Amino acid sequence: MKKHTQNLLIASLVYAGVLFALMIIPMLLGIATFYDYDLEEVAPDTMIYMASVSLAVLVSYAVYLGYFLFQRNKVKNDPAIKFLGIFPRCLFAVIASALSTIVIFLCLGWISELGEEISILEADTALAGIVLGVALAANFVCFIVFKPRV
């Protein structure tokens, strides 16, 4: 397997792991979970939390895929390129992080009609900070470490 394909697979697994961890761990700890005890199903607020986390990670992964394809296209056009540079990787990591931050902040005000007065992420700012911090760390790790190589 070529190195750039391996890096893409590992980065994809990192984003999938981040999504899994941000959804499952808070729910196992009972932090981001509300149940409708009458119907014994997941409350709309929990679904909104899951959608918010999914959107933030999905936006980051989409930017990573765009970056990966952009850099691979550069390598195809100029096979003499040996080093893709740290600046484009950092720039795209900052772009992905900014978009993830925007998504999280847009989701802070997303509340259900049946649920609480405020969203789970707005009610628990520590949880929102953890979600944001993990997403930002994953972005910088994926963009800087798992680069498309020649």
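Data block above holds the structure.
Residues numbered from 1 in each chain as written. Predicted model: local features only at pLDDT ≥ 70, side-chain atom pairs only at ≥ 80, totals over all residues. Heavy atoms only, no water.

A. Looking closely at the environment of Ala21. Of note, Ala21 is situated in helix α1 (residues 3–28). A relative accessible area of 28% places Ala21 in the partly exposed class. As a C-alpha pair, Ala21 and Val134 span 113 residues in sequence and 9.5 Å in three-dimensional space. (Helix = DSSP H or I, 4+ residues; strand = E, 2+ residues; numbered from the N terminus. Buried < 20%, exposed > 50% of the residue type's maximum accessible area, 1.4 Å probe, protein only.)

B. Fine view of the packing of helix α3 (residues 86–108) against helix α5 (residues 125–145). The geometry of α3 relative to α5 is characterised by a closest axis approach of 9 Å and an angle of 160 degrees between their N-to-C directions. Between α3 and α5, the interaxial angle falls into the category roughly antiparallel. Like other packed secondary-structure pairs, α3 and α5 cross with a definite hand, here right-handed. On α5, the residues that touch Ile86, Arg89, Cys90, Phe92, Ala93, Val94, Ala96, Ser97, Ser100, Thr101, Ile104 and Leu108 of α3 are Ala128, Val131, Leu132, Leu136, Asn139, Phe140, Phe143 and Ile144. Split by residue class, the contact of α3 with α5 holds 15 nonpolar, four polar and one charged. (Axes fitted to C-alpha atoms, helices over the stretch in contact; angles between N-to-C directions. Parallel < 35°, antiparallel > 145°, perpendicular 65-115°, else oblique. Left-handed = near helix turned anticlockwise from the far one by under 90°. Contact = heavy atoms within 4.5 Å. Nonpolar A, V, L, I, M, F, W, Y, C, P; charged D, E, K, R; others polar.)

C. Quick look at the packing of aromatic side chains. Scanning the model with the defined rule gives eight aromatic pairs in all. With a centroid separation of 6.2 Å and an interplanar angle of 55 degrees, the aromatic rings of Tyr15 and Tyr64 are classed as tilted. Residue Tyr15 is found in helix α1, and its partner Tyr64 is found in helix α2 (residues 44–77); the two are separated by 49 residues along the sequence. A relative accessible area of 4% means that Tyr15 is categorised as buried. Seen in terms of ring centroids, Tyr67 and Phe143 are 5.1 Å apart; in terms of plane orientation they differ by 55 degrees. Their pairing is tilted. Placement of Tyr67 in helix α2 and of Phe143 in helix α5 is noted, with a sequence separation of 76 residues between them. For Tyr67, a relative accessible area of 0% gives the class buried. A connected cluster of aromatic rings, assembled from ring pairs, spans Tyr15, Tyr61, Tyr64, Tyr67, Phe68, Phe70, Phe92 and Phe143. (Phe/Tyr/Trp six-rings, centres within 6.5 Å; stacked < 30°, edge-to-face > 60°.)

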